[in-house]
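# An overview of the molecular structure
Below are the chains, spelled out letter by letter.
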Amino acid sequence: MLRIAEAGLSIAIWIAVLAFGGTSPPFFFITQVIILGLGVVLLSANLRTPLAAVRFPLLAPLSLIALVLLQILPFPAFPGLRVGSLRYAFAGHTGYTLSVAPYQTVSHLLLLVTYLTAFYLVLFVCESRDAKKRLVYALIALGGFEAFYGLLQYLTGWQQIFAYVKKYYVEDATGTYINRNHFAGLLEMVLPFTLALGLRLAGKLRRAAQRSEAKVRSILSAAELLPLVCLLFLAVVIFTALVFSRSRMGILSALASLIVVLALAGNSSLPKRTRVVVAALFFLGIIGIVAWVGSDPVITRFEILGQEYTQTGQNRISIWRDTLKLIRQHPLLGTGLGTFSVAYTSVQTAFLKQLVDHAHCDYLEVVSELGVPGGILVFGSIFWILARAVRRYREAEDRFDAAVCLGCIGSIAAILMHSLADFNLYIPANALVFVVTLALAWMGS
């Protein structure tokens, strides 16, 4: 049963990513059916051994679900009181909900339940070290496929997502995503795993060479050499594809996560020389490919950064300023999960002729929808898992578990930084991959 759950989870993640990043509801519905179905089957099967072995975090997830349920709970209408939006009318009585758009909140509640189910599925199936390894390599393979697909788009001009002809970002690498920033979001979550596992193999290769008098011969004949070369090559391809997505925050977030990975690796038993060699090979490969293809379009994107983020223009800063007004209006319980596009119109001062469906900052959007306490609950839990993962990495004895933990740290750090200026956590496929990463980090902590 656990092998079926493991395969189903990997398939669900691949479907979500390949189908426009999960932004197409009919396709993502398949992912939801698989994950929720596996959750029901595992619960009904009453697998007592894994249940006894796994520590399940319950307080934060249940509190979050309770908060969202409170937002869609109908309240009686009192004279002069209007909590949210008109929700029901029965036998001459009317009532209101905290959510300004209950239908959107219910839809996002289903997404939330899907993510939490995936979190617990990872805890179930990855109790086995082999299952954890297969899941991690499934994520790496997915990132590699997306990177190659994106480079194919960029280098050949074949701007299609399978049979769909792209209408936006037709000069950028986007893989199977519509938006280049969300494509970059996926790659920056996968990249730290490739580098962390590559560092692990480099360490094993170095130790094997030290035990032999013929060091060069022992390195060339070592079983770790080919997997190390493949991982480094894949890491170079992933980062190169991320660069040619031309997502500025994606590039910066990926670089920051790599710095975190290399810095933490320096606190382990991995020698400095090994880290330097791996990092040098990685960055030399990237520089070579970027120089060969041409870096002018990427540099141009960074050159116009100052023009886009002015105080007077209509840009992300304008949206952030309006979102802060929205938070001040609903500080405790928010406007309702998934209701930003509806609630924002009440404070909108920028892009008046357009629909602003996201705040382009996950922190502000989550707080506006769930309130300040809800935002603290969500991001406090994420930072808590990150802190525990850092501590666990420093204490880990198993080198593979340590490498996975290091990859999780880099992945979480990347998306947390990217969330400052984008909404990757509202893209279903990226949110799903992020939740899987959090579960892997929790298992190692």
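A quick note: this is a predicted structure, and the numbers were derived from the prediction, not measured.

### Some details on the confidence of the model for the protein chain
Low pLDDT means the predicted atomic positions in that stretch should not be read closely. Chain-level statistics for the protein chain give a pLDDT mean of 87 and a share of 87% at 70 or above. Below pLDDT 50 for its whole length, residues 86-93 participates in 14 contacts with residues either more than four positions away or in separate chains.

### Regarding the packing of aromatic side chains
Enumeration over the complete set of coordinates arrives at 13 aromatic pairs. Seen from their ring centres, phenylalanine 145 and tyrosine 149 are 5.9 Å apart, and the 55° between their planes marks the pair as tilted. In this pair, phenylalanine 145 and tyrosine 149 are both assigned in helix α6 (residues 129-156), 4 residues apart and thus about one turn of the helix distant. On the basis of relative accessibility, which here comes to 32%, the residue phenylalanine 145 falls in the partly exposed class. The interplanar angle of 70° and the centroid separation of 5.0 Å between the aromatic rings of phenylalanine 282 and phenylalanine 283 together place this pair among those described as edge-to-face. Here phenylalanine 282 falls in the buried class, since its relative accessible area comes to 2%. What makes phenylalanine 283 partly exposed here is its relative accessible area of 30%. Ring pairs connect the aromatic residues Trp14, Phe145, Tyr149, Trp158 and Phe162, which therefore count as one cluster. It is lysine 133 that lies over the ring of phenylalanine 400; its NZ or CZ is 5.2 Å from the centre. Here the guanidinium or amino end of arginine 388 rests over the ring plane of tryptophan 442, the centre of that ring lying 5.1 Å away.

### Focus on helix α2 (residues 25-45)
Given a rise of 1.5 Å per residue, 21 residues ought to cover 30 Å, and the 29 Å separating the end C-alpha atoms of α2 matches this to within 8%. Within α2, burial applies to Phe28, Thr31, Gln32, Ile35, Leu38, Gly39 and Leu42. Around the axis of α2, the buried residues are gathered within 135° of arc, so they sit on the same side. Set apart from the buried face of α2 by more than 90 degrees, the exposed residues are Pro26, Phe29, Val40 and Ser44. Where α2 is buried, its residues touch α1 (2-18), α5 (102-125) and α18 (428-443).

### Considering the packing of helix α9 (residues 225-243) against helix α11 (residues 272-293)
Between α9 and α11, the least distance of the axes is 9 Å, while the angle of their chain directions is 45°. Put simply, α9 runs oblique to α11. The element α9 and its partner α11 pack so that their crossing is right-handed. On α11, the residues that touch Leu232, Ala235, Val236, Phe239, Thr240 and Val243 of α9 are Val278, Leu281, Phe282, Gly285, Ile286, Ile289 and Val290. Among the residues forming the contact of α9 with α11, the class breakdown is 11 nonpolar, 2 polar and no charged.

### Focus: the layout of surface pockets
Within this model, the largest pocket holds a volume of roughly 1,300 Å³. Around the largest pocket sit 47 residues that line it, and His182, Asp357, His358, His360 and Phe423 are the ones nearest its centre. In the lining of the largest pocket, the residues fall into 21 nonpolar, 17 polar and 9 charged. By volume, the second largest pocket is sized at about 840 Å³. Residue lining of the second largest pocket: 29 residues in total, with Leu64, Leu112, Leu116, Val378 and Ile382 positioned closest to the centre. Elements supplying a minimum of two residues to the lining of the second largest pocket: α4 (59-72), α5, α16 (362-395) and α18. No other element matches the 9 residues that α16 contributes to the lining of the second largest pocket. A breakdown of the residues in the lining of the second largest pocket according to their chemical character gives 27 nonpolar, 2 polar and no charged.

### Digging into the pattern of salt bridges
In the structure shown here, the tally under the stated rule is 9 salt bridges. For arginine 180, the salt bridge identified is with aspartate 172, shortest N-O distance 2.6 Å. Of the two residues examined, arginine 180 and aspartate 172, each falls in the buried class. Residue glutamate 224 pairs with lysine 204 through a salt bridge whose shortest N-O separation is 3.9 Å. Pair noted here: glutamate 224 is in the loop between α8 (215-221) and α9 and lysine 204 is in helix α7 (residues 180-210), with a separation of 20 residues, a long-range link. The class for lysine 204 is partly exposed, based on a relative accessible area of 29%. Taken together, the shared-partner salt bridges in this structure form one network comprising Arg3, Glu6 and Arg134.

What counts, and where the lines are drawn
Residues numbered from 1 in each chain as written. Predicted model: local features only at pLDDT ≥ 70, side-chain atom pairs only at ≥ 80, totals over all residues. Heavy atoms only, no water. pLDDT = per-residue confidence, 0-100. Contact = heavy atoms within 4.5 Å. Phe/Tyr/Trp six-rings, centres within 6.5 Å; stacked < 30°, edge-to-face > 60°. Helix = DSSP H or I, 4+ residues; strand = E, 2+ residues; numbered from the N terminus. Buried < 20%, exposed > 50% of the residue type's maximum accessible area, 1.4 Å probe, protein only. Lys NZ or Arg CZ within 6 Å of the ring centre and 35° of its normal. Expected span 1.5 Å × (residues − 1). Arc of directions from axis to C-beta. Axes fitted to C-alpha atoms, helices over the stretch in contact; angles between N-to-C directions. Parallel < 35°, antiparallel > 145°, perpendicular 65-115°, else oblique. Left-handed = near helix turned anticlockwise from the far one by under 90°. Nonpolar A, V, L, I, M, F, W, Y, C, P; charged D, E, K, R; others polar. 1 Å grid on protein atoms, 1.4 Å probe; cavity = no way out; pocket = protein on both sides within 12 Å on 5 of 7 lines; lining within 4 Å. Points joined across faces, edges and corners; volume = space filled by probe spheres on them. Salt bridge = Lys/Arg side-chain N within 4 Å of Asp/Glu carboxyl O.

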